[in-house]
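# Breakdown of the fold
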Amino acid sequence: MKYAIPVVAAALLLAGCDKETTLHAGLAERQANLVMAALIDAGIGCHKSPGEEGTWDVTVVESRFADAVNLLEKAGLPRQPHQGVGEVFKKTGMISSPSEERIRFMDALAQDLAKTISSIDGVVDARVHVVLPENDPFARHALPSSAAVAIRSRWDADLTDVIPSVKGLVKNAIEGLSAEKIMVTVFRDPPPKK
C-alpha cells in the first residue's frame, strides 16, 4: 500500500506530459543546431538525437509542433542544401555532350554563388540564375552573359549596403559578365506576429 501513492503520482505526472514528435529528420549537424537555436530562442523545447548515417533528428512536444513549423518556415530553416561544383559535375554515363557539360557548369556556378550569398548575415536564403549564351565565335556581336540574384532576408535586416558587394561577387565569378547585367532583388520576410 505504501508504494501505491508514488506509483499513482508518477502515472498522473506521465499522463500530463506531452508526447514528442519528430520535427525534422536526417539533418546535417549544423542545420540541426540552427533549428534548435531558433526553437529555443522562441521558447519551444526541443531535443536533438542521432539519426541515420551521421545525420540528426530534431523533436518537439506535439502541442508545440505547429508553432515550431511556422517559426522555422519564417526563419528559412532548415536551409536547403546547395550542391557544389564537384557534386553537380558527377557523370553518370561514359560521355557527356557539350550541352550537358555547359548546363552542369552553369548550375554548379549558380549553386556555389547562392551558397556564398546565403552565408551573409541577415540572408535567410538566396538563389542565383545564370545565363551564359552559347555564342558563335565567328559572329559579329556576342550576346552578353547575365545573372539574376533573389535574396530572402530577415525582416529586421537591411541589405541595401550589401547589394553592391553581391553584384561584385557575381561579376567576378562569371567570366565576361558586366555589372549592368546583374539584377539583385531582396525579398524581406514580414515581421513576426506578436
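One can find the structure itself at the top, above this paragraph.
Along each chain, the written sequence defines residue order, and numbers are assigned to residues from 1. In view of the model being predicted, local features appear only for residues whose pLDDT reaches at least 70, and side-chain atom pairs are presented and counted only at 80 or more, with totals across whole chains, interfaces and linings using the full set of residues. To get the side-chain values, take all heavy atoms of the structure and skip hydrogens and water.

## With respect to the packing of aromatic side chains
For clarity, the threshold we go by: Only centres within 6.5 Å qualify two rings of Phe, Tyr or Trp (six-membered ring in Trp) as a pair; their planes then separate them into stacked at under 30 degrees, edge-to-face at over 60, and tilted for everything else. For a Lys NZ or an Arg CZ to count as sitting over a ring, it must be within 6 Å of the ring centre and within 35 degrees of the ring normal.
According to the stated counting rule, one finds 0 aromatic pairs in the structure shown. Geometry around Trp56 places Lys48 over its ring, the cationic atom sitting 4.6 Å from the centre.

## Here we look at unusual backbone geometry
Both trends apply: most residues other than glycine have a negative phi, and most peptide bonds are in trans. The following threshold applies: Elements are defined by DSSP. Helices are runs of H or I of four residues or more, strands are runs of E of two residues or more, and each kind is numbered from the N terminus.
A cis amide bond links Leu77 with the next residue in sequence, Pro78, at an omega value of -10°. Inspection of the secondary structure assignment puts Pro78 in the loop between helix 3 (65–75) and helix 4 (85–88). Phi is positive for Glu53, which is not a glycine, with a value near 50°. Inspection of the secondary structure assignment puts Glu53 in the loop between strand 2 (46–50) and strand 3 (56–61).

## A short note on helix 5 (residues 98–118)
Note the cut-off: An expected span of 1.5 Å times one less than the residue number is assigned to each helix. The buried label applies to any residue whose accessible area, calculated with a 1.4 Å probe on protein chains only, is under 20% of its type's maximum; exposed applies above 50%, and partly exposed to all values in between.
The end-to-end C-alpha separation of helix 5 is 30 Å, in line with the 30 Å expected for 21 residues at 1.5 Å each. Here helix 5 has its buried residues at Arg104, Met106, Ala108, Leu109, Ala110, Leu113, Ala114, Ile117 and Ser118.

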